[in-house]
Amino acid sequence: MDIIHLLPDSVANQIAAGEVIQRPASCLKELVENSLDAGATDIQIIVRDAGRTLLQVIDNGSGMSDTDARMAFERHATSKIKEANDLFSLHTMGFRGEALASICAVAHVEVQTRRKEDEMGTLIEIAGSNVVRQEPCQCSVGTNFRVRNLFYNVPARRKFLKTDQTELRNLRTEFNHIVLVYPHVHFTFVSNDEILLDLPAGSDKQRIENVFGKSSGKSFTGQFVDIHSSTDLISIRGFVGKPETAGRNAEQYFFVNGRYMRHPYFHKAVLNAYAGMLPADYAPSYFIYFTINPSAIDVNIHPTKTEIKFADEQAIFQILMSSVRESLGKFNLTPSIDFDREGEIEMPTLTTDNKAHAPKVSFDPTYNPFRPTSRPSAPSSWETLYPQPTTDNIGAGSHTIPSDTLQHFWDDTHENSHEETLFTATPSDATPIQYADRYILIPVIGGLLFINQHRAHITILYHRFLEQMHSNQAVSQQLLFPDVVELSADEISLIESISDDLHLLGFDLQQFSKQSYSICGVPALLGNDNAATALRNILQAVRDTNTSVQQEWQTKIALSLAHEVAIPYGKTLSEDEMRTLLQSLFALPSYQFTPNGKRVAFILTDNEITKKFL
Ligand code: ADP
Ligand code: MG
């Protein structure tokens, strides 16, 4: 006897539904996406018991004819694509023609729909894939879907649902993903007769504000800077959080062509742009919208998956990272040190271009009342640890510090109380002092600046090394006796892929045998004693990040080498050494944190000092 037969549609649909409709939130997504595809400008969502009992979506879109309304529930019935080629020019949210078939396989569905040109609408009722009723009806233009008793016939699914609270949260998450890309559509969300959100049509910024801003009481979007960048490949725009508004919880959203996506790799690109601006466990919020030719992304997006594959991810990574970095850079000209009190105290910084605020105070670091004429001769080997000045790197590392280079930005509007002015005497002759052979202290206006010498130097060197890899200006020191290091097969292949970058830093490496390399030259700052260790640590760091993107491994190499070379804790510094260190530090675009998020500097404010004496 033959035993193979075709499954009835109702069973096939129920199986398919398991994939597409996993919970009320996925049902909401499908219905709302259909409304958007139908050109709706007003969409109401009404749920009861987190969508278990009722999930209703009412739109003012195109509506359907009576035959289309019936067809819509067939599997693979869609008005959105006709042939395979259409997949490469998708401009709608849906295209699979699966959603309605799936939903009506696992729920009681009732739809009322009418087109503008029809006098009467259509009502259809379906339960478990069977049409129970179809008749003309009076209704407004658009479509009104009621999905009742979701999973009534799939007990296993029903049991699998979480508490109402969790399912409602899932609904809200799905809702956010959609409303953030359709700011010109009016949305309302009603749960158990309570209006949770009413979002008027507006700009994307207003939409973000309306979704997230209400609770905090202050402007949410005011904490963001704009990004935009447009290339042949992709156009990127959006908003990224100012570093000081980062926290342990962040709202992070990517959208591509009007669709929410998760993209861990692009997420890294954004985080990379914040390197050195955030403490280790802090994350920035961002809302980033990509527009790209649909043929450059993978269209066969699984309905429940939010990851999307791009044809040219590495290039986009770079565009995204530099775009975010540039916007933060503009903003970061006047970084504020205190996360809670934005703008009160600003970190000292160097003017490197005239976009900066006009400095109010400058000091001549060569001036010392106790040593009016004798500046010690240039420190011995110290400078080699620091960046030598280049044309675009004003004064960094030079022996004589031009009196106008080290300047303190100060907010004009800042006001100190009367007593405090006592403490804000301009440090025109400020002399840095070293404390505990670990920290450098220097008075600045508004307080006392504390700097961690080891981390400061790591940060300086990190930027220096990165620049070397980009501009090929490393100083290499040849070793008299090449050092041979044994390496694993893994390490050998890794070395091959990053050898150009190692070379740019000053490493001269030659394969010695199958399992070893000889180190013939090293970065001048490194010296030969720890060449092998440094190389191993670099390899380890690159391997741990497990990346195939040059830009990413370069940052790991730079950081690893910076750790190796940086002045250690416990090293006593001369005044000149401290000045040079500070000057190089202040010349960086940001230096409050190391590239891996450790704090480099903070200000003990006048206020805080005054309080100690109360
Ligand atoms: P898809 O969206 O992938 O085409 P669906 O099963 O979600 O598949 O919907 C099937 C078809 O039903 C759609 O292609 C569309 O023509 C029609 N449809 C669904 N919802 C609506 C709606 N709210 N307004 C107008 N037409 C709709
Ligand atoms: Mg659809």
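Small disclaimer: the values here were computed from a predicted structure and weren't measured.

Novice: So what exactly am I meant to see when it comes to the packing of aromatic side chains here?
Specialist: Each aromatic ring pair is described using two quantities: the centre-to-centre distance and the angle formed by the ring planes. What the rule picks out here adds up to 25 aromatic pairs. Three or more aromatic residues link up through ring pairs in this structure, and these residues are Phe212, Phe220, Phe224, Tyr253, Phe255, Tyr260, Phe287 and Tyr289. Here the basic side chain of Lys162 rests over the ring of Phe160, its NZ or CZ set 5.7 Å away from the ring centre. Positioned above the aromatic ring of Tyr289, the side-chain terminus of Arg237 is 4.5 Å from the ring centre.

Novice: Explanation requested: the environment of Lys80 in the structure shown.
Specialist: With respect to the helices and strands, Lys80 occurs in the loop between α3 (66-71) and α4 (99-105). The class of Lys80 is partly exposed, set by a relative accessible area of 26%. With 12 residues separating them in the primary sequence, Lys80 and Thr92 have C-alpha atoms 7.1 Å apart. For Lys80, the residues in contact, after removing those within four places along its chain, are Asn34, Asp37, Thr92, Gly94 and Phe95.

Novice: In this structure, what is going on with helix α13 (residues 531-545)? I would like to understand it.
Specialist: Residues spaced three or four apart along an α-helix point in a common direction, a consequence of the helix completing one turn every 3.6 residues. Taking 1.5 Å of rise per residue, the 15 residues of α13 would be expected to cover 21 Å, and the 22 Å separating its terminal C-alpha atoms lies within 8% of that figure. What α13 keeps buried is the set Ala531, Ala532, Ala534, Leu535, Ile538, Leu539, Val542 and Thr545. The arc enclosing the buried residues of α13, seen along the axis, measures out at 165°, which places them on a common side. Residues of α13 that are buried sit in contact with α8 (264-273), β20 (476-486), α12 (489-505), β21 (508-513), β22 (516-523) and α14 (550-565). Residue Asn546 follows α13 closely and has a positive phi angle near 50°.

Novice: What is the right way to look at the sheet that holds strand β23 (residues 601-605) in this model?
Specialist: Backbone-to-backbone hydrogen bonds pair the strands of a sheet. The strands run either parallel or antiparallel. A sheet is described by the order of its strands in space; here four strands give the open sequence β17-β18-β19-β23, paired in antiparallel fashion. Here the strands that pair on one side only, and so sit at the sheet edges, are β17 (433-435) and β23. Strand-to-strand, the axes of this sheet are offset by a mean angle of 30°, without reference to chain direction.

Novice: Is there a simple way to think about the packing of helix α2 (residues 24-37) against helix α6 (residues 164-179) in this case?
Specialist: When two helices pack together, their arrangement is captured by the angle between the axes and the distance separating the axes. Where α2 meets α6, the closest approach of the two axes is 8 Å, and the angle between their N-to-C directions is 25°. As judged from the angle between their axes, α2 and α6 are roughly parallel. Judged by the twist between their axes, the crossing of α2 over α6 is right-handed. Note on element contacts: α6 touches α2 through Glu167, Asn170, Leu171, Glu174, Phe175 and Ile178, opposite Pro24, Ala25, Leu28, Lys29, Val32, Glu33 and Leu36. Split into classes, the residues belonging to the contact of α2 with α6 amount to eight nonpolar, one polar and four charged.

Novice: Would you mind going over unusual backbone geometry with me for this structure?
Specialist: The phi angle of most residues is negative, glycine excepted, and most peptide bonds adopt the trans form. Here the phi dihedral of Ser129 falls at roughly 70°; this positive angle occurs in a residue that is not glycine. By the secondary structure assignment, Ser129 is in the loop between β4 (121-127) and β5 (130-137). You will see that Asp193, though not glycine, has its phi angle at about 70°, which is positive. With respect to the helices, strands and loops of the structure, Asp193 is situated in the loop between β7 (186-191) and β8 (194-199).

Calculation criteria
- Position numbers for residues count from 1 along each chain, tracking the sequence in the order it is written.
- Naming scheme: in the order in which they are written, chains are lettered from A and ligands are numbered from 1.
- Restriction of local features to residues with pLDDT of at least 70 applies here, the model being predicted, together with a cutoff of 80 or more for giving and counting side-chain atom pairs; totals for whole chains, interfaces and linings are based on all residues.
- Computation of side-chain values: all heavy atoms of the structure, hydrogens and water removed.
- For this analysis, a ring pair means two rings from Phe, Tyr or Trp (six-membered ring only for Trp) whose centres lie within 6.5 Å, classed as stacked if their planes differ by under 30 degrees, edge-to-face if by over 60, and tilted for the remaining angles.
- Charges are assigned to positions over rings by a cutoff of 6 Å between ring centre and Lys NZ or Arg CZ, combined with an angular limit of 35 degrees from the ring normal.
- Per the convention used, a helix needs a DSSP run of H or I reaching at least four residues, while a strand needs a run of E reaching at least two, with both numbered from the N terminus.
- Throughout, exposure labels follow a simple rule: accessible area from a 1.4 Å probe, protein chains only, divided by the maximum for the residue type, with under 20% read as buried, over 50% as exposed, and the rest as partly exposed.
- Whether two residues are in contact is decided by their heavy atoms: any pair within 4.5 Å suffices.
- Helix span, as expected, comes to 1.5 Å for every residue beyond the first.
- Throughout, the arc means that of the directions going from the helix axis to the C-beta atoms.
- A pair of strands is labelled paired if DSSP reports no fewer than 2 bridges between them.
- Here, axes are lines fitted to C-alpha atoms. For helices the fit covers the stretch in contact, and angles between N-to-C directions go from 0 to 180 degrees.
- Orientation labels follow simple angle bins: below 35 degrees gives roughly parallel, above 145 gives roughly antiparallel, 65 to 115 gives roughly perpendicular, and whatever is left gives oblique.
- Here is the rule for handedness: rotate from the far helix to the near one, and if that takes an anticlockwise turn smaller than a right angle the crossing is left-handed, while a clockwise turn gives right-handed.
- Note on residue categories: nonpolar means Ala, Val, Leu, Ile, Met, Phe, Trp, Tyr, Cys or Pro, charged means Asp, Glu, Lys or Arg, and polar means any other residue, Gly included.

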